[in-house]
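Descriptive structure summary
Letter by letter, the chains look like this.
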Amino acid sequence: MAGGLFALLDDVAVLAKAAAASIDDVGAAAGRASVKATGVIVDDTAVTPRYVEGIEPARELPIIRKIAVGSLRNKILLILPAALLLSQFLPVALTPLLMLGGTYLCFEGAEKIWERLSGHGGEGASGDDGAAADEDEITRSAIRTDFILSAEIMVISLNEVASEPLLSRAVILVIVALLITLLVYGVVALIVKMDDVGLHLSETGSGATRSLGRGLVHGMPRLLSTLSVVGVAAMIWVGGHILLVGLDDLGLHAPYSWVHYAEEAVHDATGPLGGVLGWVTNTVGSAILGLAVGALVVAAAHAVHSVRRRRAATA
């Protein structure tokens, strides 16, 4: 009897260890998948604060909360089932789909660079008279933009764990959806309210506290500007890298081989700094491809727009 009890306890212990190992594996896979989507996450974080420009401070957090809920709904109810079905029944489509998303990232990054260079930046959420747009329209617009970015995040994450069983893939992607939504909109909320915190400290504090408050007030616009630049660079780099790897997977090995050869050469030639400089080389190569593809798509999009505008003018 005692022997049977000990054997049962041993079996329970083995099952517990197996379950713990499985949880660890899922957690590690979710972490890897989240890291792969870094470029899109940075861009999502950089874009969202613009939607609450001109809004009353008391309404900023409620609007961000609505956008976050809509983002999570997009990921779990719409994108996740479609991505899982595709990976289960038509996995060969994942690479072209991922490359399509990578091309879109390159286009978005190149478009923002073109807008900055040409001085034709996009309009914000506010109208021409400076009045804040309707909250519901702001929320809907932000959720529409988030849908595209969320789809990229989920497909990139799915591609990282495509070899996992279906249930594991589902659990991993749910974890990724929750973690990334909390991360992005938690940071967005912090960014949006940081200037209010700084203003409060500058008005009510004294000495170092007041100086800190003034520093926050003056520093937040610079932070947003820096974050926007980093987001554009990350989109072009991540999009280019997706295209490099995708082309290699589809049998066009040359671009990836060139970049990989340069990375290895730099790694071997720079000693202790080889790891970092090799990564930088790979990143630069990916960014060059991403910028080239993005520029081509931007040129094509502008050409189509010009044709349509001429046709409309002559109609």
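Predicted model, so just to flag it, every value in this text is computed and none were measured. (Residues numbered from 1 in each chain as written. Predicted model: local features only at pLDDT ≥ 70, side-chain atom pairs only at ≥ 80, totals over all residues. Heavy atoms only, no water.)

What the protein contains, in helices and strands, is nine helices and zero strands. Going residue by residue from the N terminus, the α and β elements of the protein occur as α-α-α-α-α-α-α-α-α. When burial is assessed residue by residue, the protein has 36% of its 315 residues classed as buried. A separation threshold of at least 6 residues defines the contact pool for the protein, and within that pool the share at least 24 residues apart is 77%. Summing over all exposed atoms, the protein offers an accessible surface of approximately 17,700 Å²; the carbon and sulfur share of this is 68%. (Helix = DSSP H or I, 4+ residues; strand = E, 2+ residues; numbered from the N terminus. Buried < 20%, exposed > 50% of the residue type's maximum accessible area, 1.4 Å probe, protein only. Contact = heavy atoms within 4.5 Å. Areas by Shrake-Rupley, 256 points an atom, 1.4 Å probe, with all protein chains shown as cover.)

Another point: the packing of aromatic side chains. Under the criterion given, the structure shown has two aromatic pairs. Ring geometry for tyrosine 104 against phenylalanine 107: centres 6.3 Å apart, planes inclined by 45°, an arrangement best described as tilted. Of this pair, tyrosine 104 and phenylalanine 107 are both found in helix H4 (residues 94-118), three residues apart, which corresponds to roughly one turn of the helix. On the accessibility criterion, phenylalanine 107 (18% relative accessible area) is buried. Measuring from centroid to centroid gives 5.8 Å for tryptophan 237 and tryptophan 279, while their planes differ by 75°, and the two rings are edge-to-face. Remark: tryptophan 279 occurs in helix H9 (residues 274-314) and tryptophan 237 occurs in helix H7 (residues 208-249); sequence separation between them is 42 residues. (Phe/Tyr/Trp six-rings, centres within 6.5 Å; stacked < 30°, edge-to-face > 60°.)

Two elements in contact, helix H8 (residues 254-269) and H9, have axes whose closest approach is 8 Å; the angle formed by their N-to-C orientations is 155°. Accordingly, the angle class assigned to the pair H8 and H9 is roughly antiparallel. The way H8 lies across H9 gives a crossing that is right-handed. Residues Val259, Ala262, Glu263, Val266 and His267 of H8 pack against Gly274, Gly275, Leu277, Gly278, Trp279, Thr281, Asn282 and Gly285 of H9. Taken together, the residues that form the contact of H8 with H9 break down as five nonpolar, seven polar and one charged. (Axes fitted to C-alpha atoms, helices over the stretch in contact; angles between N-to-C directions. Parallel < 35°, antiparallel > 145°, perpendicular 65-115°, else oblique. Left-handed = near helix turned anticlockwise from the far one by under 90°. Nonpolar A, V, L, I, M, F, W, Y, C, P; charged D, E, K, R; others polar.)

Okay, a positive patch on the surface next. On the surface, Arg308, Arg309, Arg310 and Arg311 cluster together to form a positively charged patch. Position of arginine 308 relative to the elements: it lies in helix H9. (Patch = residues over 30% accessible without salt bridge, like charges linked within 9 Å, V, L, I, M, F, W, Y side chains within 5 Å. Salt bridge = Lys/Arg side-chain N within 4 Å of Asp/Glu carboxyl O. Lys, Arg positive; Asp, Glu negative; His and termini not counted. Charge placed at Lys NZ, Arg CZ, Asp CG, Glu CD.)

Now for the confidence of the model for the protein. The predicted model of the protein has a mean per-residue pLDDT of 76, with 77% of residues at 70 or higher. Throughout residues 1-6 the model reports pLDDT below 50, and contacts reaching past four residues in sequence, or to other chains, amount to zero contacts. (pLDDT = per-residue confidence, 0-100.)

Turning next to H8. Taking 1.5 Å of rise per residue, the 16 residues of H8 would be expected to cover 22 Å, and the 22 Å separating its terminal C-alpha atoms lies within 8% of that figure. Every buried residue of H8 is listed here: Pro255, Val259 and Glu263. When H8 is viewed along its axis, its buried side chains cluster within an angular range of 60° and face the same direction. Among the exposed residues of H8, those oriented more than 90 degrees off its buried face are Trp258, Tyr261, Asp268 and Ala269. Contacts made by the buried residues of H8 are with H7 and H9. Remark: glycine 271 follows H8 within two positions and exhibits a positive phi of approximately 55°. (Expected span 1.5 Å × (residues − 1). Arc of directions from axis to C-beta.)

At a minimum axis separation of 10 Å, H4 and helix H5 (residues 135-160) run at an interaxial angle of 140°. Looking at the two axes, H4 sits oblique to H5. Taken as a pair, H4 and H5 cross one another with a handedness that is left-handed. Residues Leu94, Leu97, Leu98, Gly101, Gly102, Tyr104 and Leu105 of H4 lie in contact with H5, whose contacting residues are Ile148, Glu152, Val155, Ile156, Leu158 and Asn159. Residue classes in the contact of H4 with H5 are distributed as nine nonpolar, three polar and one charged.

Bringing the nonpolar core into the picture now. Ile64, Ile67, Val176, Ile180, Val184, Tyr185 and Val188 are the most contacted members of the largest nonpolar core, which has 15 residues in total. Elements with a contribution of two residues or more to this core: helix H3 (57-89), H5 and helix H6 (166-204). (Core = buried A, V, L, I, M, F, W, Y, C linked by side-chain atoms within 4.5 Å.)

All right, on to a nonpolar patch on the surface then. Taken together, the side chains of Leu273, Val276, Leu277, Trp279, Val280, Val284 and Ile288 make up a nonpolar region of the molecular surface, amounting to roughly 650 Å² of accessible area. Following the sequence through the fold, isoleucine 288 ends up in helix H9. Here isoleucine 288 falls in the exposed class, since its relative accessible area comes to 56%.

Spanning 39 residues, H6 covers 55 Å between terminal C-alpha atoms, matching the ideal 57 Å at 1.5 Å per step. Of all the bends in H6, the greatest, near 35°, is centred on lysine 193. (Bend = angle between axes of the 7 residues up to and from the residue.)

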